[in-house]
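Working through the structure, step by step
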Amino acid sequence: MDSIIPSREDAFNLLCRYTQSESLIKHALAVEGVMRYMARKRGEDEEKWGIIGLIHDLDYEKYPEQHCTKTAEILRQEKWPKEYIRAVVSHGWGICSEVAPDLEMEKVLYAVDELTGLVTTSALVRPSRSVMDMDAKSVRKKWKDKRFAAGVDRSVIEQGCAMLGLDLTTLITDVIMGMREVAAPIGLMGANYST
């Protein structure tokens, strides 16, 4: 079967078919923004990385017990390229998938997925409610408090850092920079900044 390279519009429409939750859509947009930023920084295909970031939690709302597995099934039906499907499935490695991140793109997705949640939560408790004036230091302050953003698996982030050969502060900074590019649609622009 021939695969079809999806457009960003195709990916977003597919996401919206399976996801109604505003917070999950904002999360998808945040991960997309970070993936695009990371692709540019590495001289990689920004469109491909962004689309994979956008669609990575496609099945999470409707099929949480089949997370990653159901996405693979849906994307195969949509005739997406195997490389895209593998990348999406690998972000659940060790949690809901046995597919280990191997390519740089997969390792980045694995590392930044959870971290976008921690950065979002950190931004929302700031007076500005924004990523625009945030730095890694403010996220690091929250890192050790396991009750803060308790749903964020810090061990996954640490493992992702190790895979990429990055220290935590560098990865947090990259995630913040990527999220700044999509701050308005993810609701983290804050009142003091205009779009």
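Description of the structure in this document. Remember, it's a predicted structure, so these values are computed and weren't measured experimentally. Residue numbers run consecutively from 1 along every chain, following the written order of its sequence. Selection of residues for local features in this predicted model requires a pLDDT of at least 70, selection of side-chain atom pairs for listing and counting requires 80 or more, and totals for whole chains, interfaces and linings are taken over all residues. Computation of side-chain values covers all heavy atoms of the structure but excludes hydrogens and water.

A word on the overall build of the chain. Helix and strand definitions here come from DSSP, where helices need a minimum of 4 consecutive H or I residues and strands a minimum of 2 consecutive E residues; each element is numbered from the N-terminal end. Across its full length, the chain carries nine helices and zero strands. Along the chain, helices (α) and strands (β) appear in the sequence α-α-α-α-α-α-α-α-α when read from the amino end. We compute the radius of gyration over the C-alpha atoms and compare it with the globule rule, which gives 2.2 Å times the number of residues raised to the power 0.38. Against the compact-globule benchmark of 16 Å for 195 residues, the chain has a radius of gyration of 16 Å, which places it among compact chains. Overall, the chain is about 50 × 35 × 35 Å in size when its C-alpha atoms are taken along their principal axes. Within the span of the chain, comprising 195 residues, buried residues form 49% of the whole. Surface accessibility follows the Shrake-Rupley procedure with a 1.4 Å probe radius. Residue values consider only the protein chains on display as shielding. Total accessible area on the chain stands at roughly 9400 Å², and carbon and sulfur atoms take up 49% of it. Note that His is not counted, nor are the chain ends; the positive residues are Lys and Arg, and the negative ones are Asp and Glu. For charged residues, the charge sits on one atom: NZ in Lys, CZ in Arg, CG in Asp, CD in Glu. A gap of 6 Å separates the mean positions of the 26 positive and 30 negative side-chain charges of the chain. To sort residues, take the accessible area from a 1.4 Å probe on protein chains only and compare it with the maximum for the residue type: under 20% means buried, over 50% means exposed, and anything in between is partly exposed.

Glancing now at the nonpolar core. If you look at the biggest cluster of nonpolar residues, it comprises 61 residues, and the most contacted ones within it are Ile55, Trp80, Val119, Leu171 and Met179. When neighbours within four sequence positions are excluded, Leu171 is seen to be in contact with Met38, Ala111, Val112, Leu115, Ile157, Cys161, Leu164 and Leu166. Buried Ala, Val, Leu, Ile, Met, Phe, Trp, Tyr and Cys residues form a nonpolar core when they are joined through side-chain atoms within 4.5 Å. For this analysis, residues touch if any pair of their heavy atoms sits within 4.5 Å.

A pocket here means an open set of points on a 1 Å grid, computed over the protein atoms alone, that has protein on both sides within 12 Å along at least five of seven lines. A cavity is instead a set of points where a 1.4 Å probe fits but cannot get out; residues with an atom within 4 Å of a point line either one. Grid points are joined across faces, edges and corners, and a volume is the space filled by probe spheres set on the points. Its boundaries defined by the atoms lining it, the largest pocket holds a volume of some 760 Å³. As for the largest pocket, its lining consists of 31 residues, of which His27, Asp57, Asp113, Glu114 and Gly117 are closest to the centre. Those elements giving two or more residues to the lining of the largest pocket turn out to be α2 (22-42) and α6 (104-124). Top element by residues in the lining of the largest pocket is α6. It accounts for eight residues.

Looking now at unusual backbone geometry. Most peptide bonds take the trans configuration, and most residues that are not glycine carry a negative phi. Positive phi, close to 65°, is recorded for Lys79, a residue that is not glycine. Following the sequence through the fold, Lys79 ends up in the loop between α4 (69-77) and α5 (82-90). Lys79 gets classed as partly exposed once you look at its relative accessible area, which sits at 35%. With phi around 50°, Ala149 is a residue other than glycine that occupies positive phi space. Take Ala149: it is sitting in the loop between α7 (136-143) and α8 (154-164).

Here we take up the packing of aromatic side chains. Pairing of aromatic side chains requires ring centres within 6.5 Å, counting the rings of Phe and Tyr and the six-membered ring of Trp. Pairs whose planes differ by under 30 degrees are stacked, by over 60 edge-to-face, and all others tilted. Here the structure, examined in full by the defined rule, presents two aromatic pairs. Centroid distance Trp93 to Tyr110: 5.8 Å. Interplanar angle 55°. Geometry classified as tilted. Of this pair, Trp93 sits in the loop between α5 and α6 while Tyr110 sits in helix α6; the two residues are 17 residues apart in sequence, bridging distant segments of the chain. By relative accessible area, which is 27% here, Trp93 ends up partly exposed. A relative accessible area of 2% means that Tyr110 is categorised as buried. Over the aromatic face of Trp143 sits the side chain of Arg154, whose NZ or CZ is 5.8 Å from the ring centroid. Here, over-ring charges are defined by two tests on the NZ atom of lysine or the CZ atom of arginine: distance to the ring centre within 6 Å, and angle to the ring normal within 35 degrees.

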